Amino acid sequence: MGLLRLDLSSFRIFASTVFEPDPGATTVIVGPNGTGKTSILEAVGYLGTGRSFRGSTREAMVSQGASHALLRAWLEVGGREVQIEAEMAKVGRSKVLINRQPARSRRDLAEAVAVSTFSPEDLVVVRGGPAGRRDLLDDALSLLQPSAGGILEDVDRALRQRSALLRQCRGRLSSEAEATLEVWDDRLGGAGQKLIELRRGLCHSLEAEVERAYQSLAGDDAQRVQMHYQCSAEGGLLDALRRARVEDVRRGVSTVGPHRDDLQLTLNGREARSQASQGEQRCLALSLRLGVHRLVTAQLGHPPILLLDDVFSELDPERSLRLITELPPGQTLITSAVPLPRQVEAASVVDIAQLRGHHG
Amino acid sequence: MYTPPLRNLVDELGRLPGIGPKSAQRLAFHLLKVPRDDAERLARAIVEMKDRTTLCRVCCNVADGGALCPVCADDRRDTTTVCVVEDPRDIVAVEKTGQFHGRYHVLHGALNPLEGIGPEELKVRELLARIEPEGVAEVILCTNPNLEGEATAMYLARLLSPLGLEVTRIASGLPVGGDLEYADELTLGRALEGRRSVREEN
């Protein structure tokens, strides 16, 4: 699959622009910092996921002075041409059309425009709190497992309902409240257990891929990467919720569940979060994305569009080169403010100044 | 911009569900143009509806001025089967099937702690009070197939089962006359879970 053409209007600093990358090879967008290179990748990512990989709000993505941004893309997917059109509203509802039909879910989008993103912010997944690691797993699951989207929604909603009930208890558990709490335990226990099992299964299949990616990026076969899913609920979520009930009521929060779990990452037995060097952490963050990218490629039968945002400024030339050679073939869009490693072959190089000057 | 009475009306209309500021404005200006009689008829209809509509003392459906609702007033209905719904509008939907001949019970909502709705806010006590006097043998839990509706159904099932009556839950699955390929994966997944073996007599 590949992006043939992207039209943006009123998106970030682009009043109106047309971007035409090479659909089967690498396109590099060059230019100084702060000139809108990442915004191009952000737009492509938005079309595939319905959100910004930079974590920006729609309000921030729509140009100042405009109420709506319009993103239109033409893609080649398995020999067919697919058109995606997104109308992004500063406030209120935004909509996405796939071949002029409204997209019903994020999964619809992901199937039409699969993207994998690597950005300097990925470092947070390794160094930051557990939420980033849970998101990595959940985002990958939404791409890999058709049932994951519904399960994630149920878990989120059941958790919010249970937590609301716990707050209303104000530290005391009446028999009435207990009867209702049991029902929410059941809901959260059911959906939550399914999510935990999906995440465990993913960790299992991801571990080997991540290790392979890490070893080739680091150029060191001796590095062992382990991914261990740390579950807050020992021996079944439903039982754990029941056991935690008294404590949960006292504290007014759900103390066990998939929202309290973590993914422990170790390098040769050392905790990556606290004991690895910054270089190792960066390398591991990229390996995690690469591992997911490979699993998704196997599932789809073709590689998602790869978005590499400013990764070369973060890696030494050797690792940059290894990253490029590790990538499955397919369309790759790269932004760079620094010269590319010499061996990286770009089918086309686009100067961001040209895009900004374009009024089509 | 508006005179105070007009502003007032726009604000009131805008508080109705599904009515945004633009629609409220359009409705208000429409009412400004219609003859006084028409406007008065609307105002009277609203006030009369508020004054005269009460809840049926049996099933909590909407009823006219303290009377029983049309379903409970109909003595041909089977009193041993009760269909529990969230909202009076759901009765209309079930009645359209023509396949249910029992009575109803309206909960007026579903369990939803986020909105402060627990069992005390629903007509649960009223339901329990009906079981023995009416000789109810089966309760059909007909709440919505979403998280809150399912939780409510489970809550009621736990309360009712010890009373020694049959408690059933409506099935969920595919819309009749639809195409499999258009079903969303959640619905289709549920339909697969609830599959039945095919026998001659079916």
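Things to note about the sheet that holds strand S12 (residues 305-309) of chain A
All names here are of chain A.
Okay, step 1: Ordered in space as S8-S12-S13-S3-S14, the five strands form an open sheet in which the pairing is parallel. Because the sheet does not close on itself, it has two edges, and the strands there are strand S8 (115-118) and strand S14 (348-351). Going from strand to strand, the sheet's axes swing by 15° on average, the running direction of each strand aside.
Okay, step 2: Where strand S3 (residues 26-30) meets S14, four bridges bridge the pair, whose relative direction is parallel. Across the sheet, residue Ile29 finds its bridge partner in S14, namely Val350.
Okay, step 3: Contacts from helix H11 (residues 278-300) reach S8 and S12, with the element oriented near 170° to S8.

Thoughts on the pairing of strand S4 (residues 102-106) of chain B
Residue and element names in this part refer to chain B.
Okay, step 1: Burial within S4 is extensive, with five of its five residues counted as buried.
Okay, step 2: With five bridges joining them, strand S3 (residues 78-85) and S4 adopt parallel strand pairing. In the strand pairing of S4, Cys83 is matched with Tyr104.
Okay, step 3: Each parallel crossover has a hand, and the one from S3 via helix H5 (residues 88-97) to S4 is right-handed.

With respect to the packing of helix H7 (residues 175-218) of chain A against H11 of chain A
All names here are of chain A.
Okay, step 1: Close contact between H7 and H11 brings their axes to 7 Å; oriented N to C, the two are set at 125°. Taken together, the axes of H7 and H11 are oblique relative to one another. Every pair of crossing elements has a handedness; the one defined by H7 and H11 is right-handed. On H11, the residues touching Leu202, Ser205, Leu206, Glu209, Val210, Arg212, Ala213, Tyr214, Leu217 and Ala218 of H7 are Glu280, Cys283, Leu284, Leu286, Ser287, Leu288, Leu290, Gly291, Val292, Arg294 and Leu295.

What about the domain arrangement of chain A?
Residues and elements named next belong to chain A.
Okay, step 1: On domain assignment, one finds that chain A holds domain 1 (1-114 + 304-360) and domain 2 (128-301).
Okay, step 2: Counting from both sides, the interface comprises 15 residues of domain 1 and, opposite them, 21 residues of domain 2.
Okay, step 3: When domain 1 packs against domain 2, close to 1700 Å² is buried across both sides, 60% of that on carbon and sulfur atoms.
Okay, step 4: Three residues, Arg107, Arg319 and Glu326, lead the burial of domain 1 against domain 2; their summed loss comes to 36% of the area buried on that side.
Okay, step 5: At the boundary of domain 1 and domain 2, one finds one salt bridge.
Okay, step 6: At the junction of domain 1 and domain 2, the tally comes to three residue pairs in polar contact (both at pLDDT 80 or more).
Okay, step 7: The biggest single contributor to the side of domain 1 that touches domain 2 is helix H12 (residues 317-326), with four residues.
Okay, step 8: Of the residues belonging to the side of domain 1 that touches domain 2, the class tally is nine nonpolar, no polar and six charged.

Reading guide: rules and limits
- Residues numbered from 1 in each chain as written.
- Chains lettered and ligands numbered in written order.
- Predicted model: local features only at pLDDT ≥ 70, side-chain atom pairs only at ≥ 80, totals over all residues.
- Heavy atoms only, no water.
- Pairing = 2+ DSSP bridges.
- Helix = DSSP H or I, 4+ residues; strand = E, 2+ residues; numbered from the N terminus.
- Axes fitted to C-alpha atoms, helices over the stretch in contact; angles between N-to-C directions.
- Contact = heavy atoms within 4.5 Å.
- Buried < 20%, exposed > 50% of the residue type's maximum accessible area, 1.4 Å probe, protein only.
- Right-handed = clockwise from strand over helix to strand, strands pointing away.
- Parallel < 35°, antiparallel > 145°, perpendicular 65-115°, else oblique.
- Left-handed = near helix turned anticlockwise from the far one by under 90°.
- Domains from an automatic or database assignment.
- Buried area = accessible area lost by both parts, 1.4 Å probe.
- Salt bridge = Lys/Arg side-chain N within 4 Å of Asp/Glu carboxyl O.
- Polar contact = N/O pair within 3.5 Å; in protein donor to acceptor, adjacent residues only side chain to side chain.
- Nonpolar A, V, L, I, M, F, W, Y, C, P; charged D, E, K, R; others polar.

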